[in-house]
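Residue-level listing of the chains:
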Amino acid sequence: MRPLDARAIERELARLGASLGSPLSVAAETASTNDDARSAAAAGAPHGAAFLADAQTQGRGRGGRSWHSPPGENLYLSVVLRPSLPASSVAPIALVMGLAVASVVERRLASSARLDAPGGGSLAEVRLKWPNDVLVGGRKLAGILVEAQLRGDSVSSVIVGVGLNVHTSRFPPELSARATSLAMLGIDGLPREVLAAELLQALGDAAARFEAGRLAPFAEDLARMDWLRDRRVEVAGVAGVAAGIDAEGHLLVRGADGVLRAVAAGEVSVASG
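What you see is a predicted model; the values in this text were computed from it and never measured.

(A) Region of the structure containing the sheet that holds strand β9 (residues 238-245). On the basis of which strands lie adjacent, the open sheet formed by five strands has the order β11-β10-β9-β8-β12 and antiparallel pairing. Strand pairing shows two members of the sheet lacking a second neighbour, β11 (260-263) and β12 (269-270), which therefore form its edges. Bridging between β9 and strand β10 (residues 251-254) involves three bridges; their strand directions are antiparallel. Each residue of the ladder has a partner; that of Ala242, found in β10, is Val253.

(B) Quick look at the pattern of salt bridges. Within this structure, the stated rule accounts for ten salt bridges. Asp221 is the salt-bridge partner of Arg224, the closest N and O atoms lying 3.4 Å from each other. With Arg224 and Asp221 both in helix α5 (residues 219-225), this residue pair falls three residues apart, about one helical turn. Residue classification places Asp221 among the partly exposed positions, given a relative accessible area of 30%. Via salt bridges that share partners, Asp35, Arg38 and Glu147 belong to a single interconnected network.

(C) Molecular detail of the pairing of strand β1 (residues 24-27). Strand direction decides the pairing type here: β1 and strand β2 (residues 50-53), joined by four bridges, are parallel. Across the sheet, residue Ser25 finds its bridge partner in β2, namely Phe51. For the crossover that starts at β1, traverses helix α2 (residues 33-42) and ends in the parallel β2, the hand is right-handed.

(D) Spotlight on the nonpolar core. Core analysis: the biggest nonpolar cluster contains 68 residues, and Met97, Leu164 and Leu203 have the highest contact counts within it. In contact with Leu164, other than residues within four places in its own chain, are Asn74, Leu75, Val105, Leu141, Ala142, Leu182, Leu195 and Leu199. Counting residues in each nonpolar core, the second largest holds eight residues, with Ala37, Ala41, Val80 and Ile159 among its members.

(E) Local environment of the pairing of β11. Where β10 lies against β11, four bridges are found, and the strand directions are antiparallel. Following the sheet pairing, Val253 is matched in β11 by Arg261. Hairpin connection, β10 to β11: the antiparallel pair is bridged by five residues, and Gly258 has positive phi, about 85°.

(F) Here's a closer look at helix α1 (residues 6-16). Where α1 is concerned, the buried positions are Ala8, Ile9, Glu12 and Leu13. What you see down the axis of α1 is that its buried residues fit within an arc of 135°, all on one side. What points out from α1, more than 90 degrees from its buried face, is the exposed set Arg7, Arg11, Ala14 and Arg15. At its buried positions, α1 is contacted by β1, β2 and α4 (192-213). Between the side-chain oxygen at the start of α1 and the backbone nitrogen of Arg7 there is a gap of 3.0 Å, and the oxygen is on Asp5. Downstream of α1 by one or two residues, Gly17 has phi in the positive range, about 70°.

Criteria and thresholds
Residues numbered from 1 in each chain as written. Predicted model: local features only at pLDDT ≥ 70, side-chain atom pairs only at ≥ 80, totals over all residues. Heavy atoms only, no water. Pairing = 2+ DSSP bridges. Helix = DSSP H or I, 4+ residues; strand = E, 2+ residues; numbered from the N terminus. Salt bridge = Lys/Arg side-chain N within 4 Å of Asp/Glu carboxyl O. Buried < 20%, exposed > 50% of the residue type's maximum accessible area, 1.4 Å probe, protein only. Right-handed = clockwise from strand over helix to strand, strands pointing away. Core = buried A, V, L, I, M, F, W, Y, C linked by side-chain atoms within 4.5 Å. Contact = heavy atoms within 4.5 Å. Arc of directions from axis to C-beta. Polar contact = N/O pair within 3.5 Å; in protein donor to acceptor, adjacent residues only side chain to side chain.

In structure tokens, the structure reads:
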């Protein structure tokens, strides 16, 4: 695979009129684009500064778990946001960023002639697994890592990291049964530069809508894309059936006693069968 072309990304960003992606930094290899963005934000990087890499040596997802980051195959990008939000309102932005990524994937699948590719699924199967995974056909296609830097009661910056599997055709054994890529879904030959620009545009648009209206503008898409709904789950010591996502971005779980409980954060285990 050829390396990412920063100029090609900038041209595409300009064509789309994207609000994010300037300044743009593209590295051949880095430890973590989220770390790069966080360091830049601490040094004063503006809203929209974006960091991409062809490979990550210490890519990570939520909870510090390692993110599969082979060179030249996928997209690893992070962007600095500086929203005007109180600290108490920022957490649900992870859901919004996940919806933005899912919307890009949906559009690409809709234009693909091979929705029935092996290992994938169909357009209807693009889903968001609370709080930050994009799934297609039940397999993970992308993950979003959001890290907020707070200053008192306000938000200083928010780092949004996206890992999206693009050209990967084979995953390590421990991932092969639960991961997929755009290539495996039948979307071949798509330049990563075009996809990077589309993601940055979608993330920027979603961030602006969230700043203006919090989760309300996204309620319909959250309900439509909620992969956990009606599945038996356990999260943060709460077990039951997932019953949607509330206006604050909490996962709703109905227990065996019929009581509906709202979970703000945690790692979800889904019952098999």
